[in-house]
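Coordinate inspection notes
Residue-level listing of the chains:
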Amino acid sequence: MNLPFARCIVILSLIAIHADAHAENATGLTATHLCCENRVDPLGIEDSRPRLSWQVESNERGQRQTAYHILVASTEAELKGDRGNLWDSGKIAGDPTAQIPYAGKPIGEQGVCFWKLKVWDKDNRESAWSATARWTMGLTGTHAWAARWISQTDSSPLPIDRKMLHLPPARYYRRDFAAAKPIRRATVYASALGLYELHLNGQRVSDHFLTPGWSDYLQRAYYNTFDVTALVHSGDNAIGAIVADGWYSGYVGYGLLVGYGPNKVGRCFYGKTPALLAQLEIEYADGSREIIASDPTWKVSDNGPIREADIIMGESFDAQREQPDWCKPGFKAEGWSNAIPAEDNGSTKAVFSDVTGDREVDLGFHLPKKMAAYSGPAVRITREIKAVGPTENKPGVFIYDLGENVAGVIRLKVKGAKGTKVQIRYGEMLHPDGRLMTENLRRARATDYYTLRGDPDGETWSPRFTYHGFQYVELTGLPDKPGIEAVTGLVMHSDTPLTSSFECSDPIANQLFKNIVRTQLANFIDIPTDCPQRDERLGWMGDAQTYVRTATYNADVEAFFTKWMDDVEESQRSFGAYPDYAPYPMAHGEARKSWGTAWTDAGIICPWTIWKVYDDTRLIERHYDSMKRFMEFRMATSPKNLGVSIGNPWGDWLSLGEITPVEFVDACFYAHSTKLMADMAGAIGREVDAKTYGKLLADITAAFNKEYVRPDGSLKIETQTAYVLALSMGLLPPKLIQPASDHLAEMIGKNGFRMATGFLGTKPLLPVLTATGHHDLAVRLFQSRRFPSWGYEVANGATSVWERWDSYTKEDAFGKHNAAMNSFSHYSFGAVCEWMFESLAGIDTDGPGFKHIVLRPGPPSIGSNPDNPPIDWVKAEYDSIHGKIISQWKRANGRFELNVTIPANTTATVYLPAAKGSNLKEGDRAIERNADIQIVGMEGGTVRLNIGSGTYR
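Residues numbered from 1 in each chain as written. Predicted model: local features only at pLDDT ≥ 70, side-chain atom pairs only at ≥ 80, totals over all residues. Heavy atoms only, no water.

Observations regarding the overall build of the chain
- For the chain, the helix and strand inventory stands at 16 helices and 51 strands.
- Rg of the C-alpha trace for the chain: 29 Å, near the compact-globule value of 30 Å for 953 residues, within the 12% margin.
- Along the three orthogonal principal directions, the C-alpha set of the chain runs to about 90 × 70 × 60 Å.
- The buried share of the chain, taken over its 953 residues, is 62%.
- Just so you have it, the chain exposes about 34600 Å², and 50% of that area is on carbon and sulfur atoms. (Helix = DSSP H or I, 4+ residues; strand = E, 2+ residues; numbered from the N terminus. Rg over C-alpha atoms; globule rule 2.2 N^0.38 Å. Buried < 20%, exposed > 50% of the residue type's maximum accessible area, 1.4 Å probe, protein only. Areas by Shrake-Rupley, 256 points an atom, 1.4 Å probe, with all protein chains shown as cover.)

Here we look at the sheet that holds strand β26 (residues 357-362)
- What the three strands build is an open sheet, ordered β17-β25-β26; its pairing is antiparallel. Because the sheet does not close on itself, it has two edges, and the strands there are β17 (261-262) and β26.
- Alignment of β17 against strand β25 (residues 349-354), held across two bridges, turns out to be antiparallel. Residue pairing for β25: Gly 261 is matched across the bridge by Ser 353. (Pairing = 2+ DSSP bridges.)

Looking at the packing of helix α9 (residues 662-683) against helix α10 (residues 687-708)
- α10 packs onto α9 with a crossing angle of 160° between their chain directions and a minimal axis gap of 8 Å. With respect to each other, α9 and α10 are oriented roughly antiparallel. Note that α9 runs across α10; the crossing there is left-handed. Facing α9, whose interface residues are Glu 663, Phe 664, Ala 667, Cys 668, Tyr 670, Ala 671, Thr 674, Lys 675, Met 677, Ala 678, Ala 681 and Gly 682, α10 presents Glu 687, Asp 689, Ala 690, Tyr 693, Gly 694, Leu 696, Leu 697, Ile 700, Phe 704 and Tyr 708. (Axes fitted to C-alpha atoms, helices over the stretch in contact; angles between N-to-C directions. Parallel < 35°, antiparallel > 145°, perpendicular 65-115°, else oblique. Left-handed = near helix turned anticlockwise from the far one by under 90°. Contact = heavy atoms within 4.5 Å.)

Details of the side chain of Ser 880
- Structurally, Ser 880 can be placed in strand β43 (residues 873-880).
- Note on Ser 880: relative accessible area 4%, which makes it buried.
- A distance of 2.8 Å separates a polar atom in the side chain of Ser 880 from the backbone oxygen of Gly 883. (Polar contact = N/O pair within 3.5 Å; in protein donor to acceptor, adjacent residues only side chain to side chain.)

Re the packing of helix α4 (residues 507-523) against helix α5 (residues 541-554)
- At a minimum axis distance of 11 Å, the contact between α4 and α5 shows a crossing angle of 100°. The orientation of α4 relative to α5 falls into the category roughly perpendicular. Judged by residue contacts, Phe 513, Ile 516, Val 517 and Gln 520 of α4 engage Tyr 547, Thr 550, Ala 551 and Asn 554 from α5.
- In terms of residue class, the contact of α4 with α5 is built from five nonpolar, three polar and no charged. (Nonpolar A, V, L, I, M, F, W, Y, C, P; charged D, E, K, R; others polar.)

Quick word on the side chain of Gln 55
- Position of Gln 55 relative to the elements: it lies in strand β3 (residues 51-57).
- Overall, the relative accessible area of 14% leaves Gln 55 in the buried class.
- Within the structure, the side chain of Gln 55 is placed 3.5 Å from the side chain of His 33, a separation counted as a polar contact.
- Within the structure, Gln 55 has its side chain in polar contact with the backbone oxygen of Ser 880 (distance 3.4 Å).
- Look past the residues within four positions of Gln 55 in its chain and what remains in contact with it is Thr 30, Ala 31, Thr 32, His 33, Ser 880, Ile 881, His 882 and Gly 883.

Some thoughts on the pairing of strand β12 (residues 183-193)
- When you tally the buried positions in β12, you get nine out of 11 residues, the bulk of the element.
- Relative to strand β18 (residues 275-284), β12 is paired through 10 bridges, and the arrangement is antiparallel. If you follow Ala 186 over to β18, its bridge partner there is Ile 282.
- The sheet contact formed by β12 and strand β15 (residues 220-227) spans four bridges and is antiparallel. In the strand pairing of β15, Val 188 is matched with Phe 226.

A short note on the pattern of salt bridges
- Counting across every chain of the model gives 62 salt bridges.
- Note that Glu 197 is salt-bridged to Arg 464, the shortest N-O span being 3.3 Å. With Glu 197 in strand β13 (residues 195-200) and Arg 464 in the loop between β35 (459-461) and β36 (468-476), this residue pair connects regions lying 267 residues apart in the sequence.
- Owing to a relative accessible area of 25%, Arg 464 belongs among the partly exposed residues under this scheme.
- A salt bridge links Arg 289 to Glu 283; the shortest N-O distance between them is 3.6 Å.
- Where salt bridges share partners, they join Glu 37, Asp 47, Arg 51, Asp 616 and Arg 618 into one cluster. (Salt bridge = Lys/Arg side-chain N within 4 Å of Asp/Glu carboxyl O.)

Some thoughts on the nonpolar core
- Counting residues in each nonpolar core, the largest one holds 231 residues, and the members touching the most others are Leu 475, Phe 561, Trp 564, Phe 704, Leu 766 and Phe 782.
- Setting aside residues no more than four positions away along its own chain, Phe 782 makes contact with Ala 509, Leu 512, Leu 766, Trp 790, Val 832, Trp 835, Met 836, Leu 840 and Ile 871.
- Counting 28 residues, the second-largest nonpolar core is a separate cluster that includes Ile 150, Phe 177, Ala 190 and Val 228. (Core = buried A, V, L, I, M, F, W, Y, C linked by side-chain atoms within 4.5 Å.)

Details of the packing of aromatic side chains
- Applying the stated criterion across every chain yields a total of 51 aromatic pairs.
- Note on Phe 664 and Tyr 708: the rings are 4.8 Å apart at their centroids and 80° apart in plane angle, and the pair reads as edge-to-face. With a gap of 44 residues between them, Phe 664 in helix α9 and Tyr 708 in helix α10 connect regions that are remote in the sequence. No difference in accessibility class separates Phe 664 from Tyr 708, as the two residues are buried.
- If you follow Arg 537 out to its NZ or CZ, it ends over the ring of Tyr 467, 4.9 Å from the centre.
- A cation over a ring is seen here: Lys 875 above Trp 873, with NZ or CZ 5.6 Å from the ring centre. (Phe/Tyr/Trp six-rings, centres within 6.5 Å; stacked < 30°, edge-to-face > 60°. Lys NZ or Arg CZ within 6 Å of the ring centre and 35° of its normal.)

Brief notes about the pairing of strand β11 (residues 171-179)
- Where β11 and strand β16 (residues 235-244) come together, nine bridges link them in antiparallel fashion. Among the inter-strand pairings, Tyr 173 is bridged to a residue of β16, identified as Ala 241.
- Note: β11 against strand β20 (residues 299-301), three bridges, orientation antiparallel. Opposite Arg 174, over in β20, you have Lys 299 as the bridge partner.

A word on α10
- Taking 1.5 Å per residue as the helical rise, α10 with its 22 residues ought to reach 32 Å, and the 31 Å between its terminal C-alpha atoms agrees with that figure.
- Packed against the buried residues of α10 are α8 (617-636), α9 and α11 (720-728). (Expected span 1.5 Å × (residues − 1).)

Comments concerning the sheet that holds β3
- Strands sit in the order β2-β3-β7 across an open sheet of three strands; the sheet is antiparallel. Each end of this open sheet is capped by a strand with a single partner; those strands are β2 (30-36) and β7 (100-101).
- Two elements, β2 and β3, share five bridges in a ladder whose sense is antiparallel. Note on β3: the bridge partner recorded for Thr 32 is Gln 55.

Here's the deal with the environment of Leu 139
- Topologically, Leu 139 is positioned in the loop between β9 (133-136) and β10 (150-151).
- Judged by its relative accessible area of 4%, Leu 139 falls in the buried class.
- Separated by 31 residues in the primary sequence, Leu 139 and Gly 108 have C-alpha atoms spaced 8.9 Å apart.
- In contact with Leu 139, other than residues within four places in its own chain, are Glu 46, Glu 109, Gln 110, Ala 144, Trp 145, Tyr 189, Tyr 223, Gln 279 and Glu 281.

The following block contains the structure:
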């Protein structure tokens, strides 16, 4: 029987969980998930006061931390003896568990720190000590680097022909050394202008890829720290590295396509010849130390098997040239030359071109102004996918299908005659006739080659210095049909731990969630890129600010954005604006313009979001001066506190049939950035600035209303995006919010219940509708299968989020759009996932850091969707910095049931959709008789409850 929802019985029943207290630990709390600087056991921390975080867990309701005690020691032995010779905090009263600054003795560079803690619960019961965690310090001293930047002699001319790819081979570096005494610890610090892969005694040092990451190498070079104690032996050893062009001197973005960079060839944006910096530090058992550092005594060769290595173009490997022992002690480096100091390659002058004009640059070696420890998560292979196939599209052309659109590389496993050359091409889609679709790659060759050595037992290979966006793999060059084992997909991305799950009664929505997460991972490769497949792969700021909140639901991205915000600040223009993407090797768009509204505002929106989710005030402090310079630029370019159109007019990118003036968009984002800046100033105690920005926001709001708002709440700009932005950014007076939102809903209805919004308008559209009483319409749009909609993509076979709503259709294939601007892995429209968690599952934070949680499930009304059965159950989980939050609701047989889990040391406000007088129960008891639940309000068909931690039904 379907009852009107207001008459539904709402059940809140208890799952009783009894404490299983151990004799040695009578507390209701356990400290777990120890982290330092947002990572588990990180190496090479540079901050002298690194922040420590943990979670507390309990099987009791309402548990909270009332005190903690941290021990930090220089050895495990000290710590096992419960001695904190670096820091013994003593018992500190309070409940914080995140972003606790180290407050012990100065550690010094390269120091090793072991730490643990105990906590006290609400009844002052003391826990056992936690498991041990550790961190190490990086090379922080002024003279910390004994190593020199080394390179290979390079007298080759700078490329000048855009029609011909220039893909030099990778360089191999090596050096033998002896360790004469027993070893206590060995650590290596390494960097490259380019990309490197480090080896010791014939083994790869780590599972990291694309090290040391992308930066503006003239300002900053990142270095990585590796513990190699297990790889260095007493006696003879060898250290080596393979170095490729990477972002430093390889092809970047669409530089080749449009003729940017030195000689307009699209490569060598930062320099011509890659360089290596490596420093192995050995601590012997007797306390003495030895440094093995890169210098001209190292040998180098470009005659190895990696004949081409480019992030965008691909990699070529000739197994006939392999020298398996090249990094083992005693290898005879015949034909290898001496490395040279990188500066000895001298100066290489060229004319650099982009939309800001032509200028002369020197592409010789320049010492980076700063060496910085890499602060983000490593890029790794995180998953393998078995391919389906092959299908033989035409004789000798074999295509494999991974079943999903990912980023990464493959593992090739083939057998054949010596000298056989296998071509490996990648694509996201197939043409209707079965051919690989590569038109959307533009000038990205995205092709790898493998030349067989002729091993009768077969050969296995994977690229090391490239990655591709793909679902399909095409092999050619093999004389016989390969087997299914020939291709295995290797998924590659920055290893941001996944933190959520989502499932509901609509299978299309469930597939959409998988697509969103998959697309996020495919584009979080060192920086948040726009796409992983074509000749772009840039850190577009507009995409990032649109998506960042969704990113925080799907994965732990605090460290990832911490790294990228350094890139953003170093890309900031001299006049204060943040550019269109970061890092910023070239300007693109209109002549002499380097930024666009809403794109530039990512420099404010992204750190604000990271603070809101992770309570990270240090990120605000770190970039506060930069953000103030941006706000000064905003104020100087906004006469009368209104928006302008002086940057790139990206605007509401890919809107449909409606164009919202950039001046209007700019006014909205000016207000939005000002509000967020006021919030951040207040968060770090800059009260004067907070008041100044608050006053500015009031002035912007008044000017906006005078310019754009009519007395009846309608706007002078009649587009869906205009209303969405004005409403979402709080620019309308309270009395006009409902009339404006009602008008927006009417506009959507007149448009056939379809969106007309682009990147900027789509993200806040559903949240605005839900917040203003139009939740049923929001759910209807979310569940739509008609163009344009998320469901339309899924119904047309999408396994990822597309750049355009109709990038492909079953009827027209790719014929609706310019194939060159048609990415099938573009996360921007996936920002709807934020609404899925906040408004459908109902999980949000009240204040920074999920210390107090909001749980407001959003079931649509029964029968509210004439197109599809409205969603009637949701299961969602989110691992916050305090622990797992669960919201599971369902509606059936006239009842609404909500299952909730709130992590220890937090509280929550729960909103239940129920009329006054509904039969609210916890188990068989009315909730009024339960001490764990407090009813704090009943209004508008909603009952509001306060609860402590624990599990409730």
